Amino acid sequence: MASGSGTKNLDFRRKWDKDEYEKLAEKRLTEEREKKDGKPVQPVKRELLRHRDYKVDLESKLGKTIVIAKTTPQSEMGGYYCNVCDCVVKDSINFLDHINGKKHQRNLGMSMCVERSTLDQVKKRFEVNKKKMEEKQKDYDFEERMKELREEEEKTKAYKKEKQKEKKRRAEEDLTFEENDEMAAVMGFSGFGSTKKSY
């Protein structure tokens, strides 16, 4: 037999001690931090994620044409410009993804962790939302709504009348055009050799 019956260890792979290598890695990181300033470097403490206090402008450039040259600054190029990250994003969906993304939030100095709300904060939020709903119901005025509906009806009537007037005007133009054709036929002028009559 080639393998021999007396061999106990048949595994030829090298074994790594994970605990030992984790300790070595931690030791190396602490040494690198101490070498930079001579004292251990504290990790960066970032703010918790919070609401935006501004409205994202997605519609200001909608439908506008811009001439872009080689000398045009990046902020005025086509697309949406992020002045925090100094980058241009081509469409609104990717711009929103960028604004809500990790890289942008880090550049603003925020982590992606959200502050945990307390019970009192949740109750206050519910009260504020309830008051807003009550105000909306109070603001709903029946007379005002009827006035808006009447104005809307008047606009649609005016639009229909305008369409009818335009239709009549076109019909009159067609009649005058046909009369001119009849006059030309009486005078001996015929069309361009067509015998087909248009009605």
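Residues numbered from 1 in each chain as written. Predicted model: local features only at pLDDT ≥ 70, side-chain atom pairs only at ≥ 80, totals over all residues. Heavy atoms only, no water.

An unreviewed UniProt entry annotates the chain as Zinc finger matrin-type protein 2 originating from Sciurus carolinensis. Reading the Function (unreviewed entry) entry of the UniProt record for the chain gives the comment "Involved in pre-mRNA splicing as a component of the spliceosome." Taken directly from UniProt, the Subunit (unreviewed entry) text for the chain runs: "Component of the spliceosome B complex." (UniProt positions renumbered as here; feature names shortened; annotations may be inferred.)

Participant: Looking at this structure, how should I read the overall build of the chain?
Facilitator: Secondary structure summary: the chain contains 5 helices and 4 strands in total. Its helices and strands in sequence order give the chain the pattern α-β-β-β-α-α-β-α-α, from N to C terminus. Looking at the chain residue by residue over its 199 residues, the buried ones come to 8%. Summarising the internal contacts of the chain: among those between residues at least 6 apart in sequence, 34% fall at separations of at least 24. When the accessible surface of the chain is totalled, it reaches about 20000 Å², and 53% of it is carbon and sulfur. (Helix = DSSP H or I, 4+ residues; strand = E, 2+ residues; numbered from the N terminus. Buried < 20%, exposed > 50% of the residue type's maximum accessible area, 1.4 Å probe, protein only. Contact = heavy atoms within 4.5 Å. Areas by Shrake-Rupley, 256 points an atom, 1.4 Å probe, with all protein chains shown as cover.)

Participant: What am I meant to see in a positive patch on the surface here?
Facilitator: A surface patch of like charges, here positive, comprises Lys157, Lys161, Lys165 and Lys168. Inspection of the secondary structure assignment puts lysine 168 in helix 5 (residues 142–186). (Patch = residues over 30% accessible without salt bridge, like charges linked within 9 Å, V, L, I, M, F, W, Y side chains within 5 Å. Salt bridge = Lys/Arg side-chain N within 4 Å of Asp/Glu carboxyl O. Lys, Arg positive; Asp, Glu negative; His and termini not counted. Charge placed at Lys NZ, Arg CZ, Asp CG, Glu CD.)

Participant: Help me understand the nonpolar core in this model?
Facilitator: Here is a general trend for soluble globular proteins: nonpolar side chains tend to be buried in one another's company. Val56, Tyr80, Cys82, Cys85, Cys87, Val89, Phe95 and Ile99 together form the largest nonpolar core, which totals 8 residues. Looking at this core, the elements with two or more residues in it are strand 2 (80–82), strand 3 (87–89) and helix 2 (92–99). (Core = buried A, V, L, I, M, F, W, Y, C linked by side-chain atoms within 4.5 Å.)

Participant: What is the right way to read the UniProt feature "domain: U1-type" (unreviewed entry) in the chain from this model?
Facilitator: Summarizing the sequence annotation, UniProt attributes the feature "domain: U1-type" (unreviewed entry) to residues 77–111 in the numbering used throughout. Secondary structure content for residues 77–111 is 40% helix and 23% strand, while the C-alpha to C-alpha distance between its ends is 30 Å.

Participant: Looking at this structure, I do not really get helix 2. What am I missing?
Facilitator: The α-helix winds at 3.6 residues per turn, so residues separated by three or four positions along the chain end up facing the same way. Those residues of helix 2 that fall on the buried side of the exposure criterion are Phe95, His98 and Ile99. What you see down the axis of helix 2 is that its buried residues fit within an arc of 95 degrees, all on one side. Exposed residues on helix 2 whose side chains face more than 90 degrees from its buried face are Ile93 and Asp97. For helix 2, the secondary structure elements touched by its buried residues are strand 2, strand 3 and helix 3 (102–107). (Arc of directions from axis to C-beta.)

Participant: In this structure, what is going on with the side chain of threonine 72? I would like to understand it.
Facilitator: Of note, threonine 72 is situated in the loop between strand 1 (47–49) and strand 2. Within the local environment of threonine 72, its side chain forms a polar contact with the backbone nitrogen of alanine 69, the two atoms lying 2.8 Å apart. Excluding residues that lie within four positions of it along the chain, threonine 72 makes contacts with Val67 and Met77. (Polar contact = N/O pair within 3.5 Å; in protein donor to acceptor, adjacent residues only side chain to side chain.)

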